Amino acid sequence: MAFITDNPVGFALAIFVWVPVAIWIQGTLNLAIMAEVDFLFFVMSSFMMVAVGYFTATAPTPGIAWLFFSIAWGQVVLAHPIRTTVRKIELSKIDYDQADKLMDQIGRTLSLVSVVRLGEILRQYGLPGHAVAILDRGLQGKPKQMYASEYQTLASWKRQPLAHQDMRPLACDRCNELNPPGEIFCRRCNNKFLLAFIRATVLQGRTEFKLLIAWTVLVAVSVLVLLSRRFLPTWAFIPLALILIAVGVVVVMKALMRGRR
Ligand SMILES: [Zn+2]
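Residues numbered from 1 in each chain as written. Predicted model: local features only at pLDDT ≥ 70, side-chain atom pairs only at ≥ 80, totals over all residues.

Student: What's the story with the nonpolar core in this structure? I'm lost.
Tutor: A general tendency of soluble globular proteins is for nonpolar side chains to be buried together. Judged by nonpolar contacts, the single largest core of 33 residues is most densely connected at Met48, Val52 and Ala72. Listing elements by their share of this core, those giving two or more residues are helix H2 (8-16), helix H3 (18-33), helix H4 (39-57), helix H5 (62-108), helix H9 (195-231) and helix H10 (234-257). Sequence-distant contacts of Met48, defined by excluding residues within four places in its chain, comprise Val219, Ala220, Val223 and Leu224. Ile106, Leu122, Leu127 and Leu194 belong to the second-largest nonpolar core, a separate cluster that totals 21 residues. (Core = buried A, V, L, I, M, F, W, Y, C linked by C-beta atoms within 7 Å. Buried ≥ 20, exposed ≤ 12 C-beta atoms within 10 Å, placed from the backbone. Helix = DSSP H or I, 4+ residues; strand = E, 2+ residues; numbered from the N terminus. Contact = placed C-beta atoms within 7 Å.)

Okay, structure coming up:
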């Protein structure tokens, strides 16, 4: 009890450091169940957070307590945008699959409902010029009375000004042919070349995610090495530190290889 009155700030830090620890463990467990992170990453980073909590609670000086307290909260603050990214990746995957199916449908029978839906997806992924051109082309020669809502959609898309670069032809990811707006299938090889531009968003999100994993593993290895240094004799500490570094390398490598097709 004397500890509380002697050092109220240290006591508060020792209590409140467990909040981010709990948030982290619960959050990464969810991601591990969703298979967005490796199970090993969940175990390692959770141990790390508990160790950070322990170091905060037992810090010999207030400066060290603050340092570990900040590491714990910093991890949670960093992880927040990453969870948003994971959600964005999940949604992009759904959009990608849907765009793929819509293109197949349009290839079989030109359904204008599918063209509109495809256009909406393309607009969302930064291809508004191609969306307008595809719908424009789909509506060519179609009577206005019968396709009133599609014409209305086209007009509303056209109201938003297009930049010059929105109308640029896009290179096919299979054969490199430049395809002008209005094409759904590559003019040379019939590939669904627009899909590559939806996938680019997914891959970009994954890069941020991988950076966080690499950073977390770096912090985790440092903190866990520190923890084993405190509790283990030197003969046990050195091999354990080497094992931790090796596990860290494996986790980072697995994260880097993830999502490659
Ligand atoms: Zn092609």
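Student: Any chance you could explain unusual backbone geometry here in plain terms?
Tutor: Residues apart from glycine generally show negative phi values, whereas peptide bonds are mostly found in trans. Phi is positive for Asn176, which is not a glycine, with a value near 75°. With respect to the element layout, Asn176 can be found in the loop between strand S1 (170-171) and strand S2 (178-179). Its 11 C-beta neighbours within 10 Å are what place Asn176 among the exposed residues.

Student: Is there a simple way to think about the packing of H2 against H5 in this case?
Tutor: Axes are the key here: two packed helices are described by the angle between their axes and the distance separating the axes. Where H2 contacts H5, the two axes come as close as 10 Å, and the packing angle between them is 25°. One way to sum up the angle between H2 and H5 is to call them roughly parallel. Considering the relative orientation of H2 and H5, their crossing is left-handed. On H5, the residues that touch Val9, Gly10 and Leu13 of H2 are Pro62, Ala65, Trp66 and Phe69. Considered class by class, the residues forming the contact of H2 with H5 number six nonpolar, one polar and no charged. (Axes fitted to C-alpha atoms, helices over the stretch in contact; angles between N-to-C directions. Parallel < 35°, antiparallel > 145°, perpendicular 65-115°, else oblique. Left-handed = near helix turned anticlockwise from the far one by under 90°. Nonpolar A, V, L, I, M, F, W, Y, C, P; charged D, E, K, R; others polar.)

Student: Would you explain the domain arrangement of the protein chain in this entry?
Tutor: By a widespread convention, an interface's size corresponds to the accessible area lost as its parts come together. Considered domain by domain, the protein chain is made up of domain 1 (2-89 + 201-257) and domain 2 (101-198). Placing a centre on the C-alpha atoms of domain 1 and another on those of domain 2 gives a separation of 45 Å. (Domains from an automatic or database assignment.)

Student: Looking at this structure, I do not really get the packing of helix H7 (residues 128-138) against helix H8 (residues 148-159). What am I missing?
Tutor: Their axes nearest at 10 Å, the elements H7 and H8 cross at an angle of 150°. Taken together, the axis directions place H7 and H8 in an arrangement best described as roughly antiparallel. H8 is crossed by H7, and the crossing has left-handed handedness. Across from Pro128, Ala131, Val132, Leu135 and Asp136 in H7, the residues of H8 making contact are Thr153, Leu154, Trp157 and Lys158. Grouping the amino acids of the contact of H7 with H8 by side-chain chemistry returns six nonpolar, one polar and two charged.

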